[in-house]
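Given next are the chains, with one letter for each unit.
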Amino acid sequence: MGKGILFLVLASAYLLAEYKSSETETFIATEVIRTEYMESVLSRELAHSAFNLVVSKITQDFADFRIAESEQAFGDGMYAMSASGVRQGPVQISAYGEVGGSIHLIEATMERFGSPILDALTIDGPVSSVTVRGNSFVISGLDAPANEDDVSVRPGIDGHAIRTVLSSSATTFQEAIDAHLVPGRMGEADVISGPVGVDLDELEESILAHEDLILLEGSQRITGNQVYGSPEEPVLLRVSGDLNIRGGLQGYGVLLVDGSFSNSGNFRWEGLVLLSSSGGDHEFKGTADIYGGLVVRSQTADGESGGYEEAGLPNGHFDVDVFTSTTELLYHQHQFDDRYDVGSLDLLSAGCEVNGGLCWTKQVTEKGLDKVRITLENTDSTTGTFSIQTGSGLNSGPISSGLSSEVLTSELEAFTISFTEACEIAGTSPGDVWADSASRDGQLTVKVFDFTPEASGNDPILIHEVVVYRHSTSATCDALDHDLVNVEPISFYINGDVGIHLSTSALAKLESLLPIMEAPPIEIKMTEVRQNSN
């Protein structure tokens, strides 16, 4: 009996010990899991905190904020972060947090999208000569603050050093100026041709019509020192003749000169300098600084733009219309080829309604469709070629063969229609195109459809329509159709301590005076994010 009781006691003690041991092991295992989990959470939080800090800094100063910070202790863990990339981006971001044996890594790419309203130097007209002396000057499209007060302003996006409306003018500048003296968003030698970000005719008209415009009658010779406006109160100043600076001129706002410009003294202007005359001999010597933008135009007595001379297609010109999904006219551009000096259409061109932009983003991209159908209609009377480049390959051919192609919008890289002369395009009048929504008077038409309704047995939905036609009702096509504009060429001379800098902060101060100067918004987007833990 006593031995039995002893056995039971010993057995109970053994079982209790085994239970306690198992309970202890379970507790330890649970604590390990809990610890690992907490370390994972804390490492992730550290990584996210470092990452958010870098993103915030880049958003505030996209152009200049870069960092490569080594491991930093924080509580029981550590973190590190980096941001690298060129001024215009993309910026590669890396951030990680480490606590105990857990590491959490976040990698991302940030990019900035947009363009300034003007570049550093804009040339609208033919150029007879570009004369360069020395190498102490710079024409820079890299955004720069005009003064210390502007340092706190959010940096703008870089532009180009020189933009010309005529391609021949771009060639003249490229051949005359060393590459390192004209840096911009494309690096050195940043001289391009193409449409300007603001309608220069409308810009000049808005300056001339402004009620606060200060007028200096006739040609002016400045031998003393004069100041116009201030950073807080920019002005609009017009010289209705030549401007010759031998002393000092400092100003803030808009300077419009109707004649030739010459400086051999001290000239500094924050804002916009617009030189607009018939041809013009413009000399930048001595000491000169422009922060904002310089525009040089050649105009006829009737105000025709210098960008039209011998521009576009021979033997006529073509007009372009853009219609909405409800076939309403959205955008009409008369003499499209002359105005933008092109022989083709870039159907994906940026913008809408101004500067040659054909509204693709507004009417197609913003619909968010994965796939669209593109057609070419009324092709019998038009000669030329089309070209659609996607990530999958190139689809091109003669316009006369027509087109019906379904493309992934994300893969669409280029879409162009090209001509060699205006006579290849069927002629009509804008009124006939606008009145005939069914066939657009038989003129070449590009249509873009959302064809997803077809899966349910419904008709596709028209979302975008572009019509091209030679603006003439004449049965024959000859040079008489072409509105030639005889424009005097521009002469440009630069020598001395001269700086022409794009400054979006200086241009932004003109928006209250000239709403047309309002720049399109700049978007900063995170285009790629990757995370992993171990």
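A.B. asks: Go over the state of the cysteines with me, naming the residues and quoting the values.
C.D. replies: Scanning all chains against the criterion turns up one disulfide. Two residues, Cys352 and Cys359, share a disulfide whose sulfurs are 2.1 Å apart. The S-S bond linking Cys352 to Cys359 shows a torsion near 80 degrees; that makes this disulfide right-handed.

A.B. asks: Break down the layout of surface pockets for me, citing the residues and quoting the values.
C.D. replies: Put simply, the largest pocket is a space of about 1700 Å³. Forming the walls of the largest pocket are 48 residues, and the residues nearest its centre are Ser115, Ser349, Ala350, Gly351 and Gly357. When contributions to the lining of the largest pocket are tallied by element, the ones reaching two or more residues are strand E9 (191-193), helix H4 (336-340), strand E22 (344-346), helix H5 (360-363) and strand E33 (523-533). Of the residues assigned to the lining of the largest pocket, the class counts are 22 nonpolar, 15 polar and eleven charged.

A.B. asks: Can you tell me about helix H2 (residues 167-176), naming the residues and giving the values?
C.D. replies: Residues Ser169, Ala170 and Phe173 constitute the buried set of H2. Buried residues of H2, viewed axially, fall in a sector of 100 degrees; they line one side. Check the buried side of H2 and you find it contacts strand E5 (121-124), strand E6 (127-133), strand E8 (162-164), E9 and strand E31 (490-495).

A.B. asks: Go over the sheet that holds strand E1 (residues 67-74), please, and point to the residues and values.
C.D. replies: If you trace the five strands from one edge of the open sheet to the other, you get E1-E2-E3-E4-E33, paired in antiparallel fashion. The sheet terminates laterally at E1 and E33, the two strands that pair on one side only. Along the sheet, successive strands turn relative to each other by an average axial angle of 10 degrees, direction set aside. One ladder, built from ten bridges, connects strand E4 (residues 102-113) with E33; its direction is antiparallel. Of the residues in E33, the one forming a bridge with Leu105 is Asn532.

A.B. asks: How would you sum up helix H3 (residues 200-208)? Please name residues and give values.
C.D. replies: Those residues of H3 lying buried are Leu200, Asp201, Leu203, Glu204 and Ile207. Along the axis of H3, the buried positions cluster into a sector of 165 degrees, meaning they face one direction only. Buried-residue contacts for H3 involve E5, strand E13 (235-239), strand E15 (248-257), strand E17 (266-277), strand E19 (287-298) and H4. The distance from a side-chain oxygen at the start of H3 to the backbone nitrogen of Asp201 is 3.0 Å, and the residue carrying that oxygen is Asp199.

A.B. asks: Account for the nonpolar core, naming residues and giving values.
C.D. replies: Membership of the largest hydrophobic core comes to 61 residues, with the highest contact counts inside it found for Ile139, Phe173, Ile207 and Phe267. Broken down by element, the residue count for this core peaks at six residues, all from E17. If near-sequence neighbours (up to four positions away) are discounted, Phe267 is found in contact with Ile245, Leu249, Leu255, Phe261, Val273, Thr287, Ala288, Asp289 and Ile290. Within the second largest apolar cluster, 36 residues are counted, among which are Phe318, Leu330, Leu412 and Leu444.

A.B. asks: Quick rundown of the sheet that holds E22? Include the residues and the values.
C.D. replies: A sheet is described by the order of its strands in space; here four strands give the open sequence E22-E27-E24-E25, paired in antiparallel fashion. Two strands in the sheet have a free side with no partner beyond their single neighbour: E22 and strand E25 (393-398). Within the sheet, the average angular offset between the axes of one strand and its neighbour, ignoring direction, is 10 degrees.

A.B. asks: Kindly report on the environment of Pro234, identifying the contributing residues and their values.
C.D. replies: With respect to the secondary-structure elements, Pro234 resides in the loop between strand E12 (225-228) and E13. Residue class for Pro234 comes out buried when judged on its relative accessible area of 18%. In the structure, Pro234 is positioned 279 residues away from Leu513 in sequence and 8.3 Å away in space, judged by C-alpha atoms. If sequence neighbours within four positions are ignored, Pro234 has contacts with Tyr252, Gly253, Lys509, Leu510 and Leu513.

Calculation rules
- Residues numbered from 1 in each chain as written.
- Predicted model: local features only at pLDDT ≥ 70, side-chain atom pairs only at ≥ 80, totals over all residues.
- Heavy atoms only, no water.
- Disulfide = S-S within 2.5 Å.
- 1 Å grid on protein atoms, 1.4 Å probe; cavity = no way out; pocket = protein on both sides within 12 Å on 5 of 7 lines; lining within 4 Å.
- Points joined across faces, edges and corners; volume = space filled by probe spheres on them.
- Helix = DSSP H or I, 4+ residues; strand = E, 2+ residues; numbered from the N terminus.
- Nonpolar A, V, L, I, M, F, W, Y, C, P; charged D, E, K, R; others polar.
- Buried < 20%, exposed > 50% of the residue type's maximum accessible area, 1.4 Å probe, protein only.
- Arc of directions from axis to C-beta.
- Contact = heavy atoms within 4.5 Å.
- Pairing = 2+ DSSP bridges.
- Axes fitted to C-alpha atoms, helices over the stretch in contact; angles between N-to-C directions.
- Polar contact = N/O pair within 3.5 Å; in protein donor to acceptor, adjacent residues only side chain to side chain.
- Core = buried A, V, L, I, M, F, W, Y, C linked by side-chain atoms within 4.5 Å.

Any functional reading would require information that these geometric values do not contain.
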